[in-house]
Amino acid sequence: MEEFFENELARKFEDMIENNDEYYFDTEELEDIIIYYLELGDISYAEQAVNFGLKLHPNSIEIKTKQLEVLLELEDYSTARKLIAELTESCMESTDFLVCCAKYYSNLGNPRRAIEFCEKALKLEEEQNFLHNFIADEHINLQDPFSALKHYKLALTFDPNDEYSFENCLVCLNELKKYDEAVEFMNSYLDRFPFSETAWYEYGQFFFNRKNYEEAIKAFDYLLAINSGSVNVYGNKAACLEALGKYDEAIKVYQEMLEVEFTKAFTYYKIGLCYRELKQPVQALAAFQRSMVEDPQFYQSMMEQSYIYEEMGGMKEALHFAKEATALNENNLDYQKRMAFLYIESGRFEESLDCLKKLVTQEPGRFYNWYAYSEVLMLLGDYEEAISLLDRAVQKHQRAELYYQRSNCWFHLKNEQGGREDLEKALELDESIAEDMLQKYPFMEEEVKKVKARKK
């Protein structure tokens with residue numbers, strides 16, 4: 001890595017650019033410089049090196065091939081097409097050129113043509129691992145996981161340690177629903193490479209996704225034996241234990257995880273959740289508070305404290321932590337619903353209105369948002385505002401409850417005609433809930449009797 005970043009040729013080239021000089025480089029040196037910048041992702045310098053190279057060696061096929069690579073990175077496909085036409089006759093025995101052609105067609109969304117060029121390159125018996133991966137990726141673009149799997153496996157034969165090929169073999173097997181073959185493939189690979197962290201991780205994830213948590217734990221234990229500092233693996237093992245309901249054991253794993261990670265807020269949060277499952281609110285609160293010490297803006301821990309205080313009857317504290325969490329995550333509609341609930345439970349109806357307004361604005365398709373909002377407006381005696389809201393609500397939801405609500409508003413505003421019309425509509429939509437509605441709105445009881453009598 002040090003040698004890569006301390007490339008002497010590249011440094012010499014950059015000195016030349018900075019000093020506005022002109023040094024001599026042979027074609028191989030210029031190729032190395034261009035490759036260095038391409039691998040570094042510095043396309044600007046790569047382009048400068050190409051242009052300088054062509055100035056020194058205008059007929060160099062090698063530098064023109066590198067120019068083609070740069071053009072593809074710059075997405076200058078028009079110029080790239082012309083250069084391909086110029087080089088085709090003389091470069092069909094060049095792996096680099098054929099790969100560039102394959103990339104050109106791949107980038108233009110023509111995977112079949114890209115595969116053709118890769119297959120021509122394979123005959124030159126260079127870069128076999130890379131080319132088989134390239135072909136496999138193009139088969140994925142063609143939604144052909146069967147053919148892709150074949151080439152990812154071939155890529156592995158040329159480089160058995162290629163984690164990209166290995167992982168994509170599993171992706172294809174999963175897509176093809178060949179789960180038994182996937183297990184056989186992983187076991188065979190692990191027999192050859194028993195210390196492959198990638199293979200053991202994929203093995204664990206495979207069984208975790210199939211809810212075979214015991215087998216997944218075996219894989220994660222093996223991984224931790226190979227690399228005890230692998231933070232994610234601790235988390236995965238703990239998640240398996242949680243899924244098995246073994247919260248005490250999960251907590252121990254999370255505590256081990258704390259020893260090797262730098263950012264601990266989420267781990268303390270997970271410990272708190274485990275204590276909640278164990279019905280140990282005091283320990284859960286302590287864990288959530290430690291989480292907030294690590295990260296004062298960790299709103300998940302704030303909201304979990306809100307739930308615990310609510311369960312313990314501390315509505316003031318529950319509301320405090322809910323407000324803090326929501327302030328940090330205002331677009332979370334679940335938090336807005338919780339805030340509205342806590343305000344209503346605390347009898348602070350007016351303060352719930354802002355939350356309810358956000359809910360009907362951002363989730364107009366949810367009937368209960370409108371229902372709750374209009375209910376609170378009626379509790380506050382703001383019947384005119386409730387009617388205005390319900391006018392909008394019934395345009396989206398033809399639900400009897402909304403008509404019962406609007407009928408109640410009309411009767412409170414002494415508009416008996418409006419009240420009767422909405423009541424008749426409500427009974428027509430769902431008469432079975434009339435008794436429940438009358439318990440909420442007894443003001444309408446006599447009118448319901450009259451409507452029913454008229455029907456008889």
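This one's a predicted model, so the numbers in the text were calculated from it and none came from an experiment.

Caption draft 1: Main features of the overall build of the protein. Scanning the protein for helices and strands turns up 28 helices and zero strands. Taken over the C-alpha trace, the protein has a radius of gyration of 34 Å; the compact-globule value for 456 residues is 23 Å, which it surpasses by more than 25%. A principal-axis box enclosing the C-alpha atoms of the protein has dimensions of 100 × 55 × 55 Å. Considering the protein as a whole, with its 456 residues, one finds that 46% of them fall into the buried category. If you take every contact in the protein between residues at least 6 apart in sequence, the share linking residues at least 24 apart comes to 49%. Carbon and sulfur atoms provide 46% of the accessible area of the protein, an area that totals close to 24600 Å².

Caption draft 2: Quick peek at helix α26 (residues 416–429). In this model α26 runs 20 Å from its N-terminal to its C-terminal C-alpha over 14 residues, within 8% of the 20 Å that 1.5 Å per residue would give. Those residues of α26 not exposed but buried are Gly-418, Gly-419, Asp-422, Leu-423, Ala-426 and Leu-427. Projected down its long axis, α26 carries its buried residues within an arc of 160°, all on one side. Turned more than 90 degrees from where α26 packs its buried face, Gln-417 and Glu-428 sit exposed.

Caption draft 3: Spatial organisation of the packing of helix α2 (residues 8–18) against helix α4 (residues 43–56). Here α2 crosses α4 at 80°, and the two axes come no closer than 12 Å. The orientation of α2 relative to α4 falls into the category roughly perpendicular. Along its contact with α2, which presents Phe-13, Glu-14, Met-16 and Ile-17, the element α4 presents Tyr-45, Gln-48, Ala-49 and Phe-52.

Caption draft 4: Local environment of the nonpolar core. Within the largest apolar cluster, 104 residues are counted, with the highest numbers of intra-cluster contacts made by Phe-166, Phe-185, Ile-271, Tyr-404 and Leu-423. In this view, Phe-166 contacts Leu-156, Phe-185, Met-186, Tyr-189, Thr-198, Ala-199 and Glu-202; residues no more than four positions away in its chain are not counted. By size, the runner-up hydrophobic cluster in this structure holds 25 residues, among which are Leu-68, Tyr-77, Leu-83 and Leu-87.

Caption draft 5: Broad picture of the packing of aromatic side chains. Scanning the entire structure with this criterion turns up 30 aromatic pairs. With centroids separated by 6.3 Å and ring planes inclined at 70°, the aromatic side chains of Tyr-77 and Tyr-104 adopt a geometry described as edge-to-face. Here Tyr-77 is found in helix α6 (residues 77–91), whereas its partner Tyr-104 is found in helix α7 (residues 95–107), with 27 residues between them in sequence. Residues Tyr-77 and Tyr-104 agree in their burial class; the two are buried. A ring pair is formed by Tyr-105 and Phe-117, whose centres lie 5.7 Å apart and whose planes are at 10°; its orientation type is stacked. Remark: Phe-117 occurs in helix α8 (residues 111–122) and Tyr-105 occurs in helix α7; sequence separation between them is twelve residues. Here the aromatic residues Phe-13, Phe-25, Tyr-36, Tyr-37, Tyr-45 and Phe-52 are joined through ring pairs into a cluster of three or more. One Lys or Arg, Arg-113, reaches over the ring of Tyr-105 and ends 5.1 Å from the middle of that ring. Taking NZ or CZ as reference, Lys-120 lies 4.9 Å from the ring centre of Phe-117, over its face.

Caption draft 6: Geometry of the pattern of salt bridges. Applying the stated criterion across every chain yields a total of 21 salt bridges. Measuring nitrogen to oxygen at the nearest pair gives 2.7 Å for the salt bridge that ties Arg-348 to Glu-351. Judged by relative accessible area, which is 36%, Glu-351 ranks as partly exposed. Between Arg-406 and Asp-422 there is a salt bridge whose closest N-O contact spans 2.7 Å. Of this pair, Arg-406 sits in helix α25 (residues 400–412) while Asp-422 sits in helix α26; the two residues are 16 residues apart in sequence, bridging distant segments of the chain. A relative accessible area of 7% means that Asp-422 is categorised as buried.

Caption draft 7: Layout of the environment of Gln-289. Among the structural elements, Gln-289 can be located in helix α18 (residues 281–294). Residue classification places Gln-289 among the partly exposed positions, given a relative accessible area of 37%. As a C-alpha pair, Gln-289 and Asp-159 span 130 residues in sequence and 49 Å in three-dimensional space. Among residues more than four places away in sequence, those in contact with Gln-289 are Gln-305 and Tyr-309.

Caption draft 8: Looking closely at a negative patch on the surface. A contiguous patch of negative charge on the surface is contributed by Asp-26, Glu-28, Asp-32 and Glu-62. Position of Glu-62 relative to the elements: it lies in helix α5 (residues 61–73). What makes Glu-62 partly exposed here is its relative accessible area of 38%.

Caption draft 9: Here's a closer look at helix α9 (residues 128–141). Compared with the 20 Å implied by 1.5 Å per residue over 14 residues, the 20 Å span of α9 between its first and last C-alpha is a close match. Counting buried residues along α9, ten of its 14 residues qualify, which places the element largely inside the surrounding structure. Of the residues making up α9, those classed as buried are Gln-128, Asn-129, Leu-131, His-132, Asn-133, Phe-134, Ile-135, Ala-136, Glu-138 and His-139. Buried residues belonging to α9 abut α7, α8, α10 (145–158) and α11 (163–175). One or two residues past the end of α9 sits Gln-143, with phi positive at roughly 55°.

Caption draft 10: Expanded view of the packing of helix α19 (residues 299–311) against helix α20 (residues 315–328). Contact pair α19 / α20: the axes reach a minimum separation of 8 Å and the direction vectors enclose 160°. It follows that α19 is roughly antiparallel to α20 by the angle criterion. In this structure, the crossing between α19 and α20 has a hand that is left-handed. Counted together, Tyr-299, Met-302, Met-303, Gln-305, Ser-306, Tyr-309 and Glu-310 of α19 and Met-315, Glu-317, Ala-318, Phe-321, Ala-322, Glu-324, Ala-325, Thr-326 and Leu-328 of α20 form the full contact between these two elements. Here the contact of α19 with α20 is built from residues that sort into ten nonpolar, three polar and three charged.

The rules behind each value
- Residues numbered from 1 in each chain as written.
- Predicted model: local features only at pLDDT ≥ 70, side-chain atom pairs only at ≥ 80, totals over all residues.
- Heavy atoms only, no water.
- Helix = DSSP H or I, 4+ residues; strand = E, 2+ residues; numbered from the N terminus.
- Rg over C-alpha atoms; globule rule 2.2 N^0.38 Å.
- Buried < 20%, exposed > 50% of the residue type's maximum accessible area, 1.4 Å probe, protein only.
- Contact = heavy atoms within 4.5 Å.
- Areas by Shrake-Rupley, 256 points an atom, 1.4 Å probe, with all protein chains shown as cover.
- Expected span 1.5 Å × (residues − 1).
- Arc of directions from axis to C-beta.
- Axes fitted to C-alpha atoms, helices over the stretch in contact; angles between N-to-C directions.
- Parallel < 35°, antiparallel > 145°, perpendicular 65-115°, else oblique.
- Core = buried A, V, L, I, M, F, W, Y, C linked by side-chain atoms within 4.5 Å.
- Phe/Tyr/Trp six-rings, centres within 6.5 Å; stacked < 30°, edge-to-face > 60°.
- Lys NZ or Arg CZ within 6 Å of the ring centre and 35° of its normal.
- Salt bridge = Lys/Arg side-chain N within 4 Å of Asp/Glu carboxyl O.
- Patch = residues over 30% accessible without salt bridge, like charges linked within 9 Å, V, L, I, M, F, W, Y side chains within 5 Å.
- Lys, Arg positive; Asp, Glu negative; His and termini not counted.
- Charge placed at Lys NZ, Arg CZ, Asp CG, Glu CD.
- Left-handed = near helix turned anticlockwise from the far one by under 90°.
- Nonpolar A, V, L, I, M, F, W, Y, C, P; charged D, E, K, R; others polar.

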